[in-house]
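Chains, contacts and geometry: an overview
If you want the building blocks of each chain, they are given just below.
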Amino acid sequence: MLLEAGSLPYLVPLLLEYDVTLSPEVSAGLQLPFSPSSAAISTADADSLFESSFRMLDSALVRPNMQEARSQHALLAAQALGRLAGVLQEPYQTPANPAATSALSAVLTQSLAARLSEPDPRPLLICLNSSLETAQVIWNSSMREELSKALAAQRSHGSDLAALQSFTYSSLAGELQVGGVFVRVFNQRGRSGASASNATVTAATAATGAATAAGAAVAAASAPGGPLSGGARASAATAAAAGAIASPSAAAAVQPQDPAGFCKALVRYLYERLVERCYRGSELHMLSRSEAVNVLEVLQALNNLLEAEPRLLGLLSSKSALSPMVACIAPAASSYPPLYERTANGAAGRRTDAASGHSGVMSAAQASSQGEVDDSSSKAEPAADAAQLADTAEQLANLGLQLLARAIANAAVQEALVDESLLRQLYWLAVQPPSSRVLVGALGLLRRLTGSPLAALVAGYQGGAVLLLSVLLHSGSWAWPGADAATAAAEGAPARASAADVLSQLIAQPTHGPRVKMILGKLLPPGLVAAVAEGPPEAVLSALGQNMENPECMWDARMAAQASAEVSQLAAAIRKQHAGRSYDWSPAANYQLEYDNLRGEIYVGGVYVRLFLKNPK
């Protein structure tokens, strides 16, 4: 009846009249008809419940202090709304009212409306009359003004429950909320490392201090033998507790109240977009730009959450939970040619065709017929969006690799993660990385997965060892956008060291390690193969960077250039073969890279005979 009569436009504005600057004495004197302590007292004294229910009859109907009167009305309005929506707990529970709950969730925001179920509404009223921005709550003066105008219009023209249920705040229009958490705010707190005390809380801070002071002021009076007793003591205790309750709610805790639920909500959000809509990441263009931005924000939030709550890693110990993170690396890894090369080629084509008035962009059918699109990109993206798509793919790969590297700290997650498809993608990222950070991330993840026999199997029987060797022997500038020869050495050193480390671990793998070593032996002089197998990476890089001529190894700049060129060609051929979904690869039985410097040299028992005879010692 009250809802149909249009009570909400009259009750909700009263919530915004609570005075957060009330003195502790005045705050302690406010009356709660449904106080949190009255239910507990009722178990010892059956008359206490009736005492609390009719306590309001003893309070002054007219209060000399306007702020006190409005605050009292705000308390009454909050508990009236809780009763109206049916969200109060026993013994004050009423039947649930979904229509009222929906309207209140819209006008108060879902997180604040849920707090109408709390026995003491004072912490909620402090929030509603303050400005704060936390992971769970965004509320400010502009939102209060917008709400007041909407409710005033309803009071003037008649209540419209449907309009209240669909009410939205303009200041929240661009806010992404997942699992009841504002993702932008959560990430900002995570990136800055801010604690709860760094949140944006204005009047709430002062109100919390005042409520705490009120608790201290009434503590003595509430003690046995003090001036307060019975229902008055319960009211004072409730007022004192308001300060303690307000503190965490107004302090803007960085972590969500339900980390496990938030983690599941984030994974579900990513699964729906990357796995279901984008076909496991292979159709990245299915996401609009705004959706892609949201996906990146959610990935960052998941990374921040798992960093703060490592115990949640167990929630990812299934292939379905890990599939969104694996899908993150698919656009950058599976695309052939790489997306960043298509961007550069597209730009060149547009410049070439500008004079003739053509855009220089192939249709999907033309590109497919000429072999320009592989299995991962069956639809050609517009040229205007190619650069954006490549950038999004790079960011997705970077965040996906970070998440996977963090997740495999859990043994169950690692067991669920490892398969040939993922390992192939990591090898592909090594040979066609969209950035230095993705290259280092892919190699780092691959290093941690080398304990699996599958890693050595893909390296030995599908050409992965050659792809890694192309990184180890790389010289000159890298192919990713913005790379140049001046920064190539600095950018490539960590990646080359990681590649050496991965190869060393793969050779040591008992099942397929000998196969990896055999492939390296066909491309490198025997002494260098032994150096790679023995490690450490620093020693391998040192050996590759110097001229050597001793009985164990012969190597110089000319041989390095020859090896780099040959391995690069083989790696490109292997990657092209993989793009055609043919993964098995093996060098010809009689294949052996012949170095000009080694022609005529006899290598027996781990030494070059000629050099050994020159210096037997």
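Model, not experiment: these values are computed from the prediction.

1. A short note on the nonpolar core
If you look at the biggest cluster of nonpolar residues, it comprises 115 residues, and the most contacted ones within it are Leu316, Tyr427 and Trp555. Among the elements that make up this core, the one with the highest residue count is helix H20 (residues 383-407) (10 residues). If sequence neighbours within four positions are ignored, Trp555 has contacts with Leu524, Pro525, Leu528, Ala543, Leu544, Gln546, Asn547, Met548, Ala560, Ala563 and Tyr595. Counting residues in hydrophobic clusters, the runner-up holds 45 residues, among them Leu84, Met143, Phe167 and Tyr169.

2. Description of the side chain of Asn304
The residue Asn304 is located in helix H16 (residues 289-308) in this model. Look at Asn304 and you get buried, because its relative accessible area is 9%. Of note is the side chain of Asn304, whose polar atom sits 3.1 Å from the side chain of Asn187. Once residues lying within four places of it in the same chain are set aside, the contact partners of Asn304 are Phe186, Asn187 and Gly190.

3. Some thoughts on the packing of helix H26 (residues 485-507) against helix H29 (residues 537-544)
Viewed as axis vectors pointing N to C, H26 and H29 meet at an angle of 110°, and their least axial separation amounts to 8 Å. Viewed along their axes, H26 and H29 adopt a mutual orientation that is roughly perpendicular. The two elements H26 and H29 cross, and the hand of that crossing is right-handed. Judged by residue contacts, Ala493, Arg496, Ala497, Ala500 and Asp501 of H26 engage Pro537, Val540, Leu541 and Leu544 from H29. When its residues are assigned to classes, the contact of H26 with H29 shows seven nonpolar, no polar and two charged.

4. Some words on the packing of aromatic side chains
How two aromatic rings sit relative to each other is given by the distance of their centres and the angle of their planes. By the definition in use, this model includes six aromatic pairs. With a centroid separation of 6.4 Å and 35° between ring planes, the pair formed by Trp428 and Tyr583 is classed as tilted. Taken together, the residues Trp428 in helix H22 (residues 420-431) and Tyr583 in the loop between helix H30 (557-579) and strand E8 (603-604) connect sequence positions 155 residues apart. For Tyr583, a relative accessible area of 24% translates into the label partly exposed. One aromatic cluster is present, formed by Trp139, Phe167 and Tyr169 through successive ring pairs. Looking at Arg424, its charged tip hangs above the ring of Tyr583, at a distance of 3.8 Å from the centre.

5. A few points about the side chain of His512
As for its placement among the helices and strands, His512 is situated in the loop between H26 and helix H27 (513-521). Once residues within four sequence positions are removed from consideration, His512 is found in contact with Pro453, Ala456, Leu457 and Tyr461.

6. Some remarks on helix H25 (residues 464-472)
One turn of an α-helix holds 3.6 residues; hence residues three or four places apart share an orientation. The element H25 is largely enclosed, with a buried count of nine among its nine residues. Along H25, the positions that sit buried rather than exposed are Gly464, Ala465, Val466, Leu467, Leu468, Leu469, Ser470, Val471 and Leu472.

7. Here we look at helix H23 (residues 436-448)
Its 13 residues give H23 an end-to-end C-alpha distance of 19 Å, which sits within 8% of 18 Å, the value for a rise of 1.5 Å per residue. Looking at H23, one finds that the buried residues are Val438, Leu439, Ala442, Leu443, Leu445 and Leu446. The buried residues of H23 occupy one face: seen down the axis, they fall within an arc of 160°.

8. Description of the environment of Glu601
Tracing the chain through its elements places Glu601 in the loop between H30 and E8. With sequence-adjacent residues up to four places away left out, Glu601 is seen in contact with Met554, Tyr608 and Arg610.

9. Thoughts on the packing of helix H17 (residues 319-334) against H22
At a minimum axis separation of 9 Å, H17 and H22 run at an interaxial angle of 45°. With respect to H22, the axis of H17 lies oblique. Where H17 crosses over H22, the handedness of that crossing is left-handed. Only Leu422, Gln425, Leu426, Trp428 and Leu429 of H22 make contact with H17, whose side of the interface consists of Val326, Ile329, Ala330, Ala332, Ala333 and Ser334. A per-class count over the contact of H17 with H22 returns nine nonpolar, two polar and no charged.

Rules used throughout
- Residues numbered from 1 in each chain as written.
- Predicted model: local features only at pLDDT ≥ 70, side-chain atom pairs only at ≥ 80, totals over all residues.
- Heavy atoms only, no water.
- Core = buried A, V, L, I, M, F, W, Y, C linked by side-chain atoms within 4.5 Å.
- Buried < 20%, exposed > 50% of the residue type's maximum accessible area, 1.4 Å probe, protein only.
- Helix = DSSP H or I, 4+ residues; strand = E, 2+ residues; numbered from the N terminus.
- Contact = heavy atoms within 4.5 Å.
- Polar contact = N/O pair within 3.5 Å; in protein donor to acceptor, adjacent residues only side chain to side chain.
- Axes fitted to C-alpha atoms, helices over the stretch in contact; angles between N-to-C directions.
- Parallel < 35°, antiparallel > 145°, perpendicular 65-115°, else oblique.
- Left-handed = near helix turned anticlockwise from the far one by under 90°.
- Nonpolar A, V, L, I, M, F, W, Y, C, P; charged D, E, K, R; others polar.
- Phe/Tyr/Trp six-rings, centres within 6.5 Å; stacked < 30°, edge-to-face > 60°.
- Lys NZ or Arg CZ within 6 Å of the ring centre and 35° of its normal.
- Expected span 1.5 Å × (residues − 1).
- Arc of directions from axis to C-beta.

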